[in-house]
Amino acid sequence: MSLRSAFAPVVTRWRTANPYALDTALAALVLFAVSLQWIFPDEGDDRLSLLGWLLGAATAVPLVWRRRSPCGAAWAVSAATPAQALYHAPPPDVMYGGMVVLYTMAALARPWQRRMMLAGWVIGVVVTMQHQADKQPFEYAFHLMGLVCAYALGVLARVQRAYTTELEDRARRLERERAADTARARAEERSRIARDMHDILAHAVSLMVVQAEAGPVVVRKDPERAEATFDTIATTGREAMAQLRRILGVLKEERPDGEATRLPQPSVAALPRLVRQVRESTGLRTELRTTGEPRPLPSDTGIAAYRVVQEALTNTVKHARASRAVVELDWAEDQVTLTVTDDGRGPSAPVGGHGLIGIRERAAACGGSAETGSGPDGGFRVVVRLPVAADRQGALG
C-alpha cells in the first residue's frame, strides 16, 4: 500500500468535516503559537505586555471566519499584524496569522483580491521591518519567504480543487453519455427484435388468412378436413398472440426502403453452418457441442438463440484475440442453455458493450436470461438460458 493511499481516508475525513470546527481549531492553534512568547519568555526580555498579547491574539482569532468571510478575516489580520510589530512588546517571531490568510486568499479569493493582499503583505513586511532598530538582514528573507510559500501553497490548493472539480464534472458527463449510449443501444436492439418478429407474425397472419379463406369451401366439400383447418388457424393464432405479448412495448422500426425481408429467419438448426462459417472465414477454431435431446422451440426463441450465438462469436472475433471458441447447447426439459466460451484476453473493462446489451435484450424478450463475464479458465463466457415450450409449434433446434 502506498503512502498516498494510506492517508487518503484521513484526507477525505478532513475535507468532509465541519469547516467551522476546523477553522476554530486552526485559530486556536495559531493563538497557541502566538502565545508561546508569553508561555516561554526569553531571559531578560522585559517587552512582554498585556496589550502586546491582545494584538497577537487579534492575528489569530479572525481565522475562525477565514472561509465564511475570507476578505474580512484577511483585513483584520492584516491590520493587527503590523500593529503588533510596531508596538514591539514583543514583536512577532513568525507571522502565523499572515501566512494562513495569504494561503486562504490564494485558495479562495478572486484574482485581484489575492494579488492585492500579497502585494500589501510584502510591502507591509518591508515597511515595518524598517522601523525595528534591531533588525537583521536574514529576517527580511525569513518573513518574505514564509509569506510567499504560504501564498504558493494556496495557489496549489486552488489548482488542485479546480482539477478535482473538472474530473468530477467529466466523470458525471461520461456517466450521462454512457447511460445515453446504453439506452440508444437498447433501443436499436429492440428495433432489430421488432423487425424479426414482424417477419414471424407476418408469416403467421398470412397463413391464418389463407386457411380462413379456404375454410368455407372445405366445410362444404370435406367437413373432417375443415376441422383440421380450423385447428391450424387456432394454433397459429395462439402462437402469434404469445409472441405479441412478449414484444409488448417494443416499437417496430421500419426499414429504410419500407419493405420487410421475405427470407426465412435462421434458427438453432442453422448453428452448425454458422460455426463452420466462422471457422472457415476467420481461422478461429470453433466447435459446436450438443447435449440432451433437442426440442421444438417457438420461432422467436429459435431466432434469439441463433442471434445470441452469432453476436457472441462476433465479439470473440473482434475483441477477444482468441484462438479457440466453443459453443455448447444443453437441452433440458424446460429450457435450452447456450454457452459460448473463448480463450481470449477476457473482460478488461466493465461489461456493457452494445453487443452484450443486445444479447441481454434478446434473452429477456423471450423470457430468458443472460450472463456474461470471465470463463472458468480465463477468456470470456456468455451464458444464455431460453425457455422451451414443448406444447408449442416452432422451429426444431
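Rules used in this analysis
- Residues numbered from 1 in each chain as written.
- Predicted model: local features only at pLDDT ≥ 70, side-chain atom pairs only at ≥ 80, totals over all residues.
- Heavy atoms only, no water.
- pLDDT = per-residue confidence, 0-100.
- Contact = heavy atoms within 4.5 Å.
- Helix = DSSP H or I, 4+ residues; strand = E, 2+ residues; numbered from the N terminus.
- Polar contact = N/O pair within 3.5 Å; in protein donor to acceptor, adjacent residues only side chain to side chain.
- Expected span 1.5 Å × (residues − 1).
- Buried < 20%, exposed > 50% of the residue type's maximum accessible area, 1.4 Å probe, protein only.
- Pairing = 2+ DSSP bridges.

### Considerations on the confidence of the model for the protein
Link 1 in the chain: Residues of the protein with pLDDT of at least 70 account for 76%, and the chain-wide mean is 77.
Link 2 in the chain: Below a pLDDT of 50 lies the segment residues 252–263, which in the model reaches 10 contacts outside its immediate sequence neighbourhood of four places, other chains included.
Link 3 in the chain: In the predicted structure, residues 390–397 sits below a pLDDT of 50 and forms 26 contacts with residues beyond four places in sequence or in another chain.

### With respect to the side chain of T81
Link 1 in the chain: With respect to the helices, strands and loops of the structure, T81 is situated in helix α4 (residues 70–87).
Link 2 in the chain: Engagement of the side chain of T81 in a polar contact is seen with the backbone oxygen of V77, the distance being 2.9 Å.
Link 3 in the chain: T81 has contacts with T59, M95 and W121, leaving out every residue within four places of it along the chain.

### Description of the environment of E333
Link 1 in the chain: Along the polypeptide, E333 turns up in the loop between β3 (324–331) and β4 (335–342).
Link 2 in the chain: Separated by 38 residues in sequence, E333 and R295 have C-alpha atoms that sit 8.2 Å apart.
Link 3 in the chain: Leave out the neighbours within four places in its chain, and E333 touches R295 and V388.

### Some points on helix α5 (residues 96–108)
Link 1 in the chain: Here α5 is 13 residues long and its end C-alpha atoms lie 18 Å apart, about the 18 Å a rise of 1.5 Å per residue gives.
Link 2 in the chain: Buried within α5 we find G97, G98, V100, V101, L102, T104, M105, A106 and A107.

### Considering the pairing of β4
Link 1 in the chain: Counting buried positions along β4 gives seven out of eight residues, so the element sits mostly inside the fold.
Link 2 in the chain: Sheet topology places β3 next to β4; seven bridges connect them, and they run antiparallel. For V326, the partnering residue across the bridge sits in β4 and is T341.
Link 3 in the chain: Inspection of the sheet shows β4 paired to strand β6 (residues 380–387) by eight bridges, in the antiparallel sense. In the strand pairing of β6, V336 is matched with L386.

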